Amino acid sequence: MSKDSKNTNSEENSPKDIASKIKNLEERRANTKFGGGKERQESQKSKGKKLARERLSLLFDNGEFTEIDPYVKHFSNDFGLDKSRIDGDSVVVGYGTVNGQQVFAFSQDFTVLGGSLSKVASNKICKVFDLAIKTGCPIVGINDSGGARIQEGVDSLSGYGEIFKRNTMASGVIPQITVVVGPSAGGAVYSPALTDFIFMVEGVGQMYITGPEVVKAVTGEEVSHEDLGGATTHASKSGVAHFASESEEDCFESVRKLIDTLPANNVDMKASDSSVETVNQEDLNKLIPENPNQSYDVFEVIETIIDTNSFIEVQSEYAKNIVVGFSKFNGRTVGIVANQPDHMAGVLDINASSKAARFVRFCDAFNIPIVTLVDVPGFMPGTIQEYGGIIRHGAKLLYAFVEATVPKITVILRKAYGGAYIVMGSKELRADINVAWPSAELAVMGPEGAVNIIGRKEIAAAENKDEKKAELLQNYRDKFANPFVAAEKGFLDDVIKPSETRDLILKSLNMLENKTDQNIPKKHGNIPL
Ligand code: HXC
């Protein structure tokens, strides 16, 4: 090293100089916290929306997170963009913990150019995404954005492409959660759509391919932003959203609860805990009504057999004829799939099939055992369902159950008719333990339908047709309206009292803990999409 360079170095590193550099850093760092400035922050609040950093504080333990890339600025000059270079650009990214679990997150900042996605905003998102994949941690994307940054053109589009690529490559590796708390329009909706769970806040989050103005111009239909793509629409009509909340506070609380229930990645095994609360199981013995056509609420079964208050229902407002969600059994996370007799008699239709199939595949990807509660009269008949492709959609559920190699336990509560019996986690679809309550009926179809077909000639020839039909119905019920025919043939492993269900599931989960099962090696299957 020359004498001169030594001098220069020692000057640069003089205590006074370092102190002023640290002061400079502190000032610069403080400036990164203001996003698009006070005025735009006020405007954001006046719309009832939280700021990007406030949202991250709601997500993480003690409101704390470590930010990455706070100084990144965009590099565009077109359309006057050179005058709006802001430290951090339109997204805040970083990591923190949720109930002690490390989680990565990005939060779009609407105060900076409407949260629009620039190439550098995408780079920031991709940076935390890559860290989440490498470290095997969940990622949460908080969306509040006008979409692709119009002034940047193809640079911005490339930014979206990079995010979509990561969404897809990380699918089934780490849980991906989206929170929609602002606009999410056009192609920008496809990153959320590629993630595992979408949370939306009423009156704040909106998702649509084209806004109401374009809808009116193209179709003549007048619709508000909220009706077209608000939380209620997507949680109850389209099924795009999995959770809808009334406030951002409630929403982030729900996100935290979900993260706490999910494994961190596809090889994580969360510890179990046997010091859990449970409720009296005996009431289950009185739950099934005498009349097979009378409904009951399957939530009563779910809430009784799981660890108390552990159920997180997914898509609670969509396709209510099937209930799916995460529960805990002695602290271990288990996916529940249950027909709901209280809604459309628990029939399987297009929406219920797709909803359950996606849930089963999530559980399988993340090693979450599946408990299936069956009370299903069959698939929904009619032109609406046939024209809508119930054959294709119902096949998704079949495929998902067969493909799943996680522990699978099925309990038949009452009706298990026809193809729907097979679909709902039957032995033939590689379920490990199948049991039934004494009220179970396993048959190709219900007694009425069956007797009308196989007893048609006999009834027509009978002197007293009603008497004959009643006799045939009784005959059919005696034969099939019980679980013992199936149990005698080994299609069921046991017949249990309803009050023994939790115990049976716990024993089965323990027995299956080290289950290994494999599918035939292949590039990938061809699920009927
Ligand atoms: C650049 C944008 C922007 C965008 C909004 N802004 N969207 N800047 N690119 N995409 C700017 C506005 O010009 C404005 O700046 C500021 O952000 C706030 O926007 P406002 O319109 O004042 O806010 P608001 O009234 O709340 O309306 C929000 C909005 C609206 C509904 C999102 O801004 C809007 O319609 N934006 C365009 C949405 C869109 O069509 N995006 C492209 C989608 S297609 P100033 O300085 O004036 O205050 C797409 C392709 C992705 O994203 C493809 C992936 C494959």
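Residues numbered from 1 in each chain as written. Predicted model: local features only at pLDDT ≥ 70, side-chain atom pairs only at ≥ 80, totals over all residues. Heavy atoms only, no water.

(A) Expanded view of the site of the ligand. Of all residues adjacent to the ligand, which total 19 residues, the nearest are Arg 40, Lys 47, Gly 114, Gly 146 and Ala 148. Note that an oxygen atom of the ligand is positioned 3.0 Å from one of the backbone N or O atoms of Gly 114. Between the ligand and Ala 148 there is a distance of 2.8 Å, counted from an oxygen atom to a backbone nitrogen or oxygen. Relative to its free-state accessible area of 1,000 Å², the ligand is covered by the protein chains to the extent of 55%. Elements with a contribution of two residues or more to the shell around the ligand: α6 (154-169) and β6 (183-185). For the shell around the ligand, the residue count by class is ten nonpolar, six polar and three charged. (Near = heavy atom within 4 Å. Polar contact = N/O pair within 3.5 Å; in protein donor to acceptor, adjacent residues only side chain to side chain. Areas by Shrake-Rupley, 256 points an atom, 1.4 Å probe, with all protein chains shown as cover. Helix = DSSP H or I, 4+ residues; strand = E, 2+ residues; numbered from the N terminus. Nonpolar A, V, L, I, M, F, W, Y, C, P; charged D, E, K, R; others polar.)

(B) Focus on helix α10 (residues 231-238). Every buried residue of α10 is accounted for by Ala 231, Thr 233, His 234 and Ala 235. The secondary structure elements touched by the buried residues of α10 are β7 (197-201), β8 (206-208), α9 (225-229) and β9 (243-245). Positive backbone phi, at 75 degrees, marks Gly 239, one or two positions downstream of α10. (Buried < 20%, exposed > 50% of the residue type's maximum accessible area, 1.4 Å probe, protein only. Contact = heavy atoms within 4.5 Å.)

(C) Examining the pairing of β7 more closely. β7 sits mainly inside the fold: five of its five residues count as buried. Taken together, the four bridges between strand β5 (residues 176-180) and β7 define a ladder with parallel strand orientation. Bridge pairing links Thr 178 to Ile 198 in β7. Pairing between β7 and β9: three bridges, direction parallel. Opposite Phe 199, over in β9, you have Phe 243 as the bridge partner. (Pairing = 2+ DSSP bridges.)

(D) Focus on the packing of helix α17 (residues 447-454) against helix α19 (residues 465-480). Interaxial distance between α17 and α19 falls to 10 Å at its minimum, and their mutual angle equals 120 degrees. Here α17 lies oblique to α19, going by the angle between them. As α17 runs across α19, the sense of the crossing is right-handed. Between α17, through Pro 447, Glu 448, Ala 450, Val 451 and Asn 452, and α19, the contact on the second element is made entirely by Lys 469, Leu 472, Leu 473, Tyr 476 and Arg 477. Residues belonging to the contact of α17 with α19 are distributed by class as follows: six nonpolar, one polar and three charged. (Axes fitted to C-alpha atoms, helices over the stretch in contact; angles between N-to-C directions. Parallel < 35°, antiparallel > 145°, perpendicular 65-115°, else oblique. Left-handed = near helix turned anticlockwise from the far one by under 90°.)

(E) Just the state of the cysteines, in detail. Enumeration according to the criterion identifies zero disulfides in this entry. For Cys 126, which is in no disulfide, the shortest distance to another cysteine sulfur is to Cys 137 and amounts to 17 Å. (Disulfide = S-S within 2.5 Å.)

(F) Examining the nonpolar core more closely. Judged by nonpolar contacts, the single largest core of 62 residues is most densely connected at Val 140, Phe 326 and Val 337. Counting residues per element, this core draws most heavily on helix α13 (residues 350-365), which supplies seven residues. Apart from residues lying up to four places away in sequence, Val 140 is in contact with Leu 59, Val 103, Phe 104, Ala 105, Phe 106, Ile 177, Val 179, Val 255 and Ile 259. (Core = buried A, V, L, I, M, F, W, Y, C linked by side-chain atoms within 4.5 Å.)

(G) Looking closely at unusual backbone geometry. One non-glycine residue, Phe 79, adopts positive backbone phi at about 55 degrees. Here Phe 79 is to be found in the loop between β1 (66-68) and β2 (91-98). Positive phi, close to 60 degrees, is recorded for Ala 345, a residue that is not glycine. If you trace the backbone, Ala 345 turns up in the loop between β12 (332-339) and α13.

(H) Main features of the packing of helix α5 (residues 119-135) against α6. At a closest axis distance of 8 Å, the pairing of α5 and α6 adopts a crossing angle of 15 degrees. Taken together, the axes of α5 and α6 are roughly parallel relative to one another. Crossing angle aside, the handedness with which α5 passes α6 is left-handed. Of α6, the residues touching α5 (which contributes Lys 119, Ser 122, Ile 125, Cys 126, Phe 129 and Asp 130) are Asp 155, Ser 158, Gly 159, Glu 162, Ile 163, Arg 166 and Asn 167. Residue composition of the contact of α5 with α6, by class: four nonpolar, four polar and five charged.

(I) Representation of the side chain of Lys 408 in the model. Tracing the backbone shows Lys 408 in strand β14 (residues 408-417). No salt bridge is formed by the buried Lys 408, whose closest oppositely charged neighbour, Asp 432, lies at an N-O distance of 6.4 Å. In this view, Lys 408 contacts Ile 370, Phe 401, Val 402, Leu 429, Arg 430, Ala 431, Asp 432, Ile 433 and Lys 515; residues no more than four positions away in its chain are not counted. (Lys, Arg positive; Asp, Glu negative; His and termini not counted. Salt bridge = Lys/Arg side-chain N within 4 Å of Asp/Glu carboxyl O.)

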